Amino acid sequence: MRSDVVALLACPICEEALHAGAASLGCSAGHRFDVARQGYVNLLAGRRVATAGDDAAMVAARLAFLQAGHFEPLVHAVADRVAAVDASGAVVDSGCGPGYYLSAVLPPGRPGLGLDVSVPAVRRAARAHPRVSAAVADCWARLPVRDEVA
């Protein structure tokens, strides 16, 4: 997980800033979250969510559909809007799926953070772009993102 993205994250339990350790992220209160070998971190902190999100087959089907260009005008419109924003923070995509939109709209030099409740989606999002990192999170709860960083 990229260090510039770790700096964006807040502990989902106590909301303290997270910092990188050896193969894990942690806060000053001692909460720890393992970074998966695929490069993402699960920040659900043992909480159950109403849905586990898309399974691997659904994520693959969605990505194939998107890569076929069916929503290309929408991607360009969102990219134009993101580029027009005068901001210096990261780009955060809540409900990022496989990271298709995030990787397409990420402005040069800025990091991206993809959040989704689906582990298969986050696995894909973590590999979607060199400047994107991803985390499993419940997008219907408080996001594990520090204030004023995105």
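Further remarks concern the pairing of strand E5 (residues 91-94). For a regular strand, side chains alternate in direction, first toward one face of the sheet and then toward the other. Residue alternation in E5 divides its side chains into a buried set, Val 91 and Asp 93, and an unburied set, Val 92 and Ser 94. Pairing geometry for E5 and strand E6 (residues 112-116), over four bridges, is parallel. Paired with Ser 94 across the strands is Leu 115, a residue of E6. Read as a crossover between parallel neighbours, the route from E5 over helix H4 (residues 100-105) to E6 is right-handed.

Once that is clear, we can look at the packing of aromatic side chains. By the definition in use, this model includes two aromatic pairs. Summarising the aromatic geometry, the rings of Phe 65 and Phe 71 are spaced 5.5 Å apart at their centres and angled 80° between planes, so their arrangement reads as edge-to-face. We classify Phe 71 as partly exposed; its relative accessible area is 37%. Judged by centre distance (5.4 Å) and plane angle (80°), the ring pair of Tyr 100 and Tyr 101 falls under edge-to-face.

The strand order across the open sheet built from three strands is E1-E2-E3, with neighbouring strands paired in antiparallel fashion. A single partner strand is all that each edge strand has here, and the edge strands are strand E1 (19-20) and strand E3 (32-34). In the sheet, E1 pairs with strand E2 (residues 24-26) via two bridges, with the strands oriented antiparallel. In the sheet register, Ala 20 faces E2, and the bridge partner there is Leu 25.

Take the sheet that holds strand E4 (residues 41-42) next. Picture the strands of a sheet paired through backbone hydrogen bonds; they go either parallel or antiparallel. The four strands are arranged E4-E7-E6-E5 in an open sheet whose pairing can be described as parallel. At either end of the open sheet lies a strand with only one pairing partner, and these are E4 and E5.

Attention now goes to the pairing of strand E7 (residues 132-136). Among the five residues in E7, five count as buried, and that is most of the element. Every second residue of E7 is oriented toward a common face, with Val 132, Ala 134 and Val 136 on one face and Ser 133 and Ala 135 on the other, all of them buried. Summarising the sheet, E4 and E7 pair through two bridges and their orientation is parallel. Looking at E7, one finds that Asn 42 is bridged to Val 136. The sheet contact formed by E6 and E7 spans five bridges and is parallel. If you follow Leu 113 over to E7, its bridge partner there is Ser 133. Taken together, E6, helix H5 (residues 119-125) and E7 constitute a β-α-β crossover, and its handedness is right-handed.

About the criteria used
- Residues numbered from 1 in each chain as written.
- Predicted model: local features only at pLDDT ≥ 70, side-chain atom pairs only at ≥ 80, totals over all residues.
- Heavy atoms only, no water.
- Buried < 20%, exposed > 50% of the residue type's maximum accessible area, 1.4 Å probe, protein only.
- Helix = DSSP H or I, 4+ residues; strand = E, 2+ residues; numbered from the N terminus.
- Pairing = 2+ DSSP bridges.
- Right-handed = clockwise from strand over helix to strand, strands pointing away.
- Phe/Tyr/Trp six-rings, centres within 6.5 Å; stacked < 30°, edge-to-face > 60°.

What is shown is where atoms sit, not what they do.
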